[in-house]
Amino acid sequence: MRLSATWNYPTSVRFGAGRIAELPAAVAEAGITRPLFVTDRNLAALPMTARALSALAPCGAKLFCDIKPNPVEANIAAGIAAFTAGQHDGVVAFGGGSALDAGKLIAFMAGQSRPVWDFEDVGDNFQRADASRIAPVVAVPTTAGTGSEVGRAGVLTDERSSAKKVIFHPGMLPKVAILDPELTVGMPPAITAGTGMDALAHCLEAYCGPFCHPLADGIAVEGIRLVKENLARAVHDGSDLDARAHMLAAAAMGATAFQKALGAIHALSHPVGALYDTHHGMTNAVFMPYVLRFNRSAIEDRIKRLSAYLGLKPSFRAFLDWVLALRQEIGVPHTLAGLNVGDDRIDRVVAMAVRDPTAAGNPLPLDKRAARTIFRRALEGRL
Ligand SMILES: NC(=O)c1ccc[n+]([C@@H]2O[C@H](COP(=O)([O-])OP(=O)(O)OC[C@H]3O[C@@H](n4cnc5c(N)ncnc54)[C@H](O)[C@@H]3O)[C@@H](O)[C@H]2O)c1
Ligand SMILES: [Fe+2]
């Protein structure tokens with residue numbers, strides 16, 4: 001099978017090695033004449049980024065790279081200032097989830113008059129926005145994990161409360177995404193592992209969520225199979241373009257599927273990421289088996305079906321063992337200590353986890369007691 005295709009679901013997606021060459025065409029397809037090119041500082045220093053930016057020089061693209069991993073409001077404010085000063089009419093968001101989310105948020109917020117926190121993904125908050133003033137985005141992922149390139153939200157850390165908040169508007173869905181595995185080849189193994197586990201967490205939490213969404217379920221199980229066949233390959237040989245391509249597809253599938261639900265992995269990972277600035281996907285990877293084990297009674301039948309599809313023995317234990325073996329093979333720490341996270345702020349983590357919007361999508365209720373139990377097990381390595 002040739003790993004190159006153009007899809008129109010969930011947005012216009014140009015998938016395949018070398019397709020970054022189509023960036024100027026994608027910008028035109030999105031209706032952008034003068035893009036602001038948003039990326040982070042690390043990526044801005046790489047030749048592949050300079051090449052993509054220079055291909056857009058004829059339309060006056062300017063670079064904005066003042067984005068930190070786990071972006072904060074000040075990054076968005078500075079980006080909006082650059083967007084306005086440069087009279088841009090759209091954004092090319094180039095990078096991992098941090099740069100993609102920041103680029104999407106700049107394009108969304110540049111035309112709004114209310115503060116960004118008014119658009120937190122709660123109830124119908126998004127309807128407060130002036131949708132006619134949302135600038136178009138072309139999204140180019142350089143990690144394979146968040147799937148933000150096909151998502152309608154951006155994650156932003158609120159420094160006042162040290163909480164990660166999801167800002168949502170349907171109009172934030174990028175007009176075009178370019179999924180080019182060559183751009184992900186330079187990812188170091190630890191980031192490949194962490195981001196790949198984020199994709200797995202999205203598919204898994206979507207699949208286990210307690211709502212009726214068979215479309216999402218179907219996408220999630222195939223996304224999990226792609227992770228199973230390809231994540232360890234991509235970690236061990238970063239230049240394996242087929243594995244890289246399949247992981248980009250899995251990441252996009254995860255984000256498409258989690259419209260259904262996320263759960264306790266994300267509910268616990270968000271406060272830990274906000275309080276300790278840990279990598280999002282790696283944090284999910286640490287929590288994953290403890291959350292699976294906690295949810296067992298509610299998900300056992302589904303996990304059996306999933307295991308059969310994955311070619312494992314159709315049992316919960318076989319799936320859990322596979323997750324544990326994958327974590328070990330790709331270098332995920334077994335406990336929170338591996339992320340330098342201790343029990344010093346456990347009350348805060350627990351309080352924030354139960355309030356996190358993803359908590360409601362856990363198959364079993366995630367109250368304070370449950371969150372504390374899972375957190376303690378992840379500290380102590382007790383499954
Ligand atoms: N919008 C969503 O739906 C969604 C979903 C999940 C996570 N997120 C958010 O996304 C962020 C995490 O994104 P991420 O996991 O992609 O990591 P990231 O964007 O923070 O990048 C991690 C590091 O990898 C580097 N990097 C990225 N691509 C590289 C490449 N090809 N070669 C070398 N280095 C590279 C970056 O410069 C950065 O230093 C978090 O803020 C998280 O909350 C968003
Ligand atoms: Fe995630």
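Further up the page is the structure itself.
So, a few notes on the structure that sits alongside this text. Just so it is clear, the structure is predicted and the values come from calculations on it, not from any experiment. (Residues numbered from 1 in each chain as written. Chains lettered and ligands numbered in written order. Predicted model: local features only at pLDDT ≥ 70, side-chain atom pairs only at ≥ 80, totals over all residues. Heavy atoms only, no water.)

## Focus: the side chain of Thr192
Okay, so step 1: For Thr192, the location among the structural elements is in helix α6 (residues 189-208).
Okay, so step 2: Judged by relative accessible area, Thr192 falls into the buried class, the value being 3%.
Okay, so step 3: A polar side-chain atom of Thr192 sits 3.4 Å from the main-chain carbonyl oxygen of Met187.
Okay, so step 4: Filtering out sequence-adjacent residues up to four positions away, Thr192 remains in contact with Met187, Leu231, Ala234, Val235 and Arg244. (Helix = DSSP H or I, 4+ residues; strand = E, 2+ residues; numbered from the N terminus. Buried < 20%, exposed > 50% of the residue type's maximum accessible area, 1.4 Å probe, protein only. Polar contact = N/O pair within 3.5 Å; in protein donor to acceptor, adjacent residues only side chain to side chain. Contact = heavy atoms within 4.5 Å.)

## A word on the site of ligand 1
Okay, so step 1: Taken together, 29 residues lie near ligand 1, and Asn42, Gly97, Ser98, Thr143 and Lys164 sit nearest.
Okay, so step 2: Between Ala153 and ligand 1, the recorded distance is 3.3 Å, taken from a backbone N or O atom to a nitrogen atom.
Okay, so step 3: Between ligand 1 and the protein, one listed contact pairs a nitrogen atom with a backbone N or O atom of Leu183 at 3.0 Å.
Okay, so step 4: Relative to its unbound accessible surface of 860 Å², ligand 1 loses 93% to contact with the protein.
Okay, so step 5: If you list the elements that add at least two residues to the shell around ligand 1, you get α2 (41-44), α5 (97-109), β7 (153-158) and α6. (Near = heavy atom within 4 Å. Areas by Shrake-Rupley, 256 points an atom, 1.4 Å probe, with all protein chains shown as cover.)

## Some thoughts on the packing of helix α10 (residues 280-309) against helix α13 (residues 368-380)
Okay, so step 1: For the pair α10 and α13, interaxial distance at closest approach is 9 Å and the crossing angle is 135 degrees. Taken together, α10 and α13 sit at an angle that is classed as oblique. Taken as a pair, α10 and α13 cross one another with a handedness that is right-handed. Contacts from Phe287, Tyr290, Val291, Arg293 and Phe294 of α10 reach α13 at Ala370, Ile374, Phe375, Arg377 and Ala378.
Okay, so step 2: Considering only residue class, the contact of α10 with α13 consists of 8 nonpolar, no polar and 2 charged. (Axes fitted to C-alpha atoms, helices over the stretch in contact; angles between N-to-C directions. Parallel < 35°, antiparallel > 145°, perpendicular 65-115°, else oblique. Left-handed = near helix turned anticlockwise from the far one by under 90°. Nonpolar A, V, L, I, M, F, W, Y, C, P; charged D, E, K, R; others polar.)

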